[in-house]
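Single-letter residue listing:
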Amino acid sequence: MRQYLDLCQRIINEGVWVENDRTGKRCLTVINADLTYDVAAGDFPLVTTRKSFYKSAIAEMLGYIRGYDNAEQFRKIGTKTWDANANDNAAWLENPYRKGTDDCGFIYGKVGRNFPKPDGGSIDLLRKIVDDLTRGIDDRGEIYTFYHPGAFHMGCLRPCMYSHHFSLLDDTLYLNSTQRSCDVPLGLTFNMVQVYFLLAIIAQITGKKPGKAYHKIVNAHIYEDQIELMRDVQLTREPLPLPTFKINPDIKTLEDLETWVSTDDFEVEDYQYHAPIQYPFSV
Ligand SMILES: Nc1nc(=O)c2c([nH]1)NC[C@@H]1CN(c3ccc(C(=O)N[C@@H](CCC(=O)O)C(=O)O)cc3)CN21
Ligand SMILES: O=c1ccn([C@H]2C[C@H](O)[C@@H](COP(=O)(O)O)O2)c(=O)[nH]1
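Note that the coordinates shown come from a computational prediction; the quantities given were computed from them, not determined experimentally.

Draft legend 1. Quick look at the site of ligand 1. Lining the immediate surroundings of ligand 1 are 14 residues, of which R50, S56, N85, D183 and S282 lie closest. D183 is positioned with one of its side-chain polar atoms (N or O) 2.8 Å from a nitrogen atom of ligand 1. G187 places a polar main-chain atom, nitrogen or oxygen, 3.2 Å from an oxygen atom of ligand 1. Elements that contribute at least two residues to the shell around ligand 1 include exactly helix 2 (54–66) and helix 8 (187–206). The class makeup of the residues in the shell around ligand 1 is six nonpolar, five polar and three charged.

In structure tokens form, the structure reads like this:
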């Protein structure tokens, strides 16, 4: 929690104003932040200085694991986070690849689970990683990536947290996640939970012990219409003790995650938080 607040304060103190054409808003921006989550110790990185809707974050990641490409699929498992990008983004609405209401196109897990091969066909990157790790194999390239520049024109948004690289040391699993662009007040509160969750759940289904997750952020920003709430409200609050995160032990395989698992299989206990803050969202 401290590392999150330190990053917010650093943006307020040292950030540089950058124009953003896509949203038409300016962002106070810093380059590079490295966050670490000790999953072995159970340090669940949930924001306490405002209420976090963490179930949405977990639903989003579950959707990326399942290869979803439609906002309705995301809504059905508990998150509305893709509604605006699928249906309110002018450039995407005019895009000939858009298949109708709620379509997000070729994004995130849809890419990662069907990564096109230049010589034809596609690779299911996650299946390969889970199979390798289960057998104790780390080929130094266990990378679940959503980044395919040749397909950006076929989706509503380029992936922000675009790469998850797993590593094994003996029986301990590590994760390095990389994010190119980060909406610190809104997106990051979800992304921190997602990185922790991804390491914890992949460790569980591959029979490994979770170690640490390292989260690299390149462009970390606060939109101009979020600054006041961050500086004058959220950053004046004292962080509260962290909650604990529990995963249903019956989740044992990738197929479980693809079929019956829901956000009810994940519980946060003893979550203490300050009052909600509604930050403006930029499409
Ligand atoms: N500008 C922007 N920021 C983002 O963080 C973001 C995007 N766009 N586009 C793609 C996804 C969608 N994400 C989102 C979208 C909405 C919320 C949001 O409104 N969160 C509120 C309420 C969440 C709820 O009620 O479920 C929050 O207070 O956290 C968060 C992340 C993260 N990503
Ligand atoms: O998981 C996510 C997804 C998106 N974001 C934020 C980061 C940016 O503010 C926008 C994406 O805009 P680009 O112009 O494509 O960079 O969404 C996030 O923080 N986390």
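Back to the text.
Draft legend 2. Here's a closer look at the UniProt feature "binding site: (6R)-5,10-methylene-5,6,7,8-tetrahydrofolate" (unreviewed entry) in the protein chain. With numbering aligned to this structure, UniProt lists the feature "binding site: (6R)-5,10-methylene-5,6,7,8-tetrahydrofolate" (unreviewed entry) at D183 and S282. These annotated residues cover 100 residues of sequence, and their C-alpha atoms lie no more than 9.3 Å from one another, placing them together at a single site. Tracing the backbone shows D183 in strand 7 (residues 172–183). In this view, D183 contacts L188, H221, Y223 and Q226; residues no more than four positions away in its chain are not counted. Within the local environment of D183, its side chain forms a polar contact with the backbone nitrogen of L186, the two atoms lying 3.3 Å apart. Its place among the elements puts S282 in the segment after strand 10 (266–269). For S282, a relative accessible area of 6% puts it in the buried group. Dropping the residues within four chain positions of it, S282 is found in contact with T23, K25 and Y223. At a separation of 2.8 Å, a polar atom in the side chain of S282 contacts the side chain of K25.

Draft legend 3. The arrangement of the UniProt feature "domain: Thymidylate synthase/dCMP hydroxymethylase" (unreviewed entry) in the protein chain in detail. UniProt marks residues 2–283 with the feature "domain: Thymidylate synthase/dCMP hydroxymethylase" (unreviewed entry), using the numbering shown here. Helix makes up 31% of residues 2–283 and strand 25%, and the two end C-alpha atoms of the span are 28 Å apart.

Draft legend 4. Examining the packing of aromatic side chains more closely. Across all of its chains, the model carries 18 aromatic pairs by this definition. When the ring of Y64 is compared with that of Y108, the centres are 4.3 Å apart and the planes differ by 15°; the resulting orientation is stacked. Taken together, the residues span a long stretch of sequence, with Y64 in helix 2 and Y108 in helix 6 (residues 108–112) at a distance of 44 residues. Take Y64 and Y108: they sit in the same class, and that class is buried. With centroids separated by 6.0 Å and ring planes inclined at 85°, the aromatic side chains of Y196 and F245 adopt a geometry described as edge-to-face.

Draft legend 5. Just the pattern of salt bridges, in detail. The final tally for this structure, using the stated rule, is 22 salt bridges. Close ionic contact of K110 with D69 constitutes a salt bridge, the shortest N to O distance being 3.8 Å. With K110 in helix 6 and D69 in the loop between helix 2 and helix 3 (71–76), this residue pair connects regions lying 41 residues apart in the sequence. On the basis of relative accessibility, which here comes to 27%, the residue K110 falls in the partly exposed class. Between R127 and D131 there is a salt bridge whose closest N-O contact spans 2.9 Å. Placement of the pair is R127 and D131 together in helix 7 (residues 125–134), with a separation of four residues, close to one helical turn. The structure contains a network of salt bridges with shared partners spanning K128, D132, R135, D139 and E142.

Draft legend 6. Representation of helix 2 within the structure. In this model helix 2 runs 19 Å from its N-terminal to its C-terminal C-alpha over 13 residues, within 8% of the 18 Å that 1.5 Å per residue would give. Counting buried positions along helix 2 yields 12 of 13 residues, so the element is predominantly enclosed. Downstream of helix 2 by a residue or two, G67 has a phi angle that is positive, lying close to 80°.

Draft legend 7. Region of interest: the site of ligand 2. What surrounds ligand 2 is a group of 14 residues, the closest being R22, R180, S181, H221 and Y223. R180 is positioned such that a nitrogen or oxygen atom in its side chain is 2.8 Å from an oxygen atom of ligand 2. Between Y223 and ligand 2, the recorded distance is 2.6 Å, taken from a side-chain N or O atom to an oxygen atom. Bound to the protein, ligand 2 loses 87% of the 450 Å² it would expose on its own.

Draft legend 8. Spotlight on the sheet that holds strand 8 (residues 209–223). Spatially, six strands are ordered 1-2-8-7-6-5 in an open sheet, and the strand pairing comes out mixed. One side of each edge strand has no neighbouring strand; the edge strands of this open sheet are strand 1 (16–20) and strand 5 (142–145). Averaged over all pairs of adjacent strands, the angle between their axes in this sheet comes to 25°, without regard to strand direction. Along the sheet, helix 7 makes contact with strand 5, strand 6 (161–169) and strand 7, crossing strand 5 at roughly 155°. Across the sheet, helix 8 is in contact with strand 2 (25–38), strand 6, strand 7 and strand 8; its angle to strand 7 comes to roughly 160°.

Definitions and cut-offs
Here the residue numbering is sequential within each chain, running from 1 through the sequence in written order. Chains carry letters and ligands carry numbers; both start at the beginning, A for chains and 1 for ligands, and go up in the order they are written. Per-residue local features are limited, in this predicted model, to residues with pLDDT of at least 70; the limit for side-chain atom pairs, both in listing and counting, is 80 or more; totals at the level of whole chains, interfaces and linings are taken over all residues. Derived side-chain values reflect all non-hydrogen atoms in the structure, with water molecules and hydrogen atoms excluded from consideration. It suffices for a single heavy atom of a residue to lie within 4 Å of a molecule or strand for the residue to be listed as near it. In protein, a polar contact requires one atom able to donate a hydrogen and another able to accept it; more generally it is a pair of N or O atoms within 3.5 Å, and residues adjacent in sequence count only if both atoms are side-chain atoms. Comment: elements are numbered from the N terminus, with helices defined as DSSP H or I runs of at least four residues and strands as E runs of at least two. Residue polarity is assigned by list, with Asp, Glu, Lys and Arg as charged and Ala, Val, Leu, Ile, Met, Phe, Trp, Tyr, Cys and Pro as nonpolar; anything else, Gly included, falls into the polar class. UniProt positions are given in the numbering used here, feature names are shortened, and annotations may be inferred rather than shown by experiment. By definition, residues are in contact when any of their heavy atoms lie within 4.5 Å. The cut-offs for exposure are 20% and 50% of the maximum accessible area for each residue type, with area from a 1.4 Å probe on protein chains only; residues under the lower value are buried, those over the upper are exposed, and the others partly exposed. Planes of paired rings set the category: under 30 degrees apart is stacked, over 60 is edge-to-face and the rest tilted, where pairs are Phe, Tyr or Trp rings (Trp by its six-membered ring) whose centres lie within 6.5 Å. Salt bridge criterion: a side-chain nitrogen from Lys or Arg within 4 Å of a carboxyl oxygen from Asp or Glu. Take the residue count of a helix, subtract one, and multiply by 1.5 Å to get its expected span. Residue exposure ignores everything except the shown protein chains as possible cover, and the areas themselves are Shrake-Rupley values with a 1.4 Å probe. Whether two strands pair depends on DSSP finding at least two bridges between them. Interaxial angles span 0 to 180 degrees and are taken between N-to-C directions of axes, which are lines fitted to C-alpha atoms, for helices over the stretch in contact.

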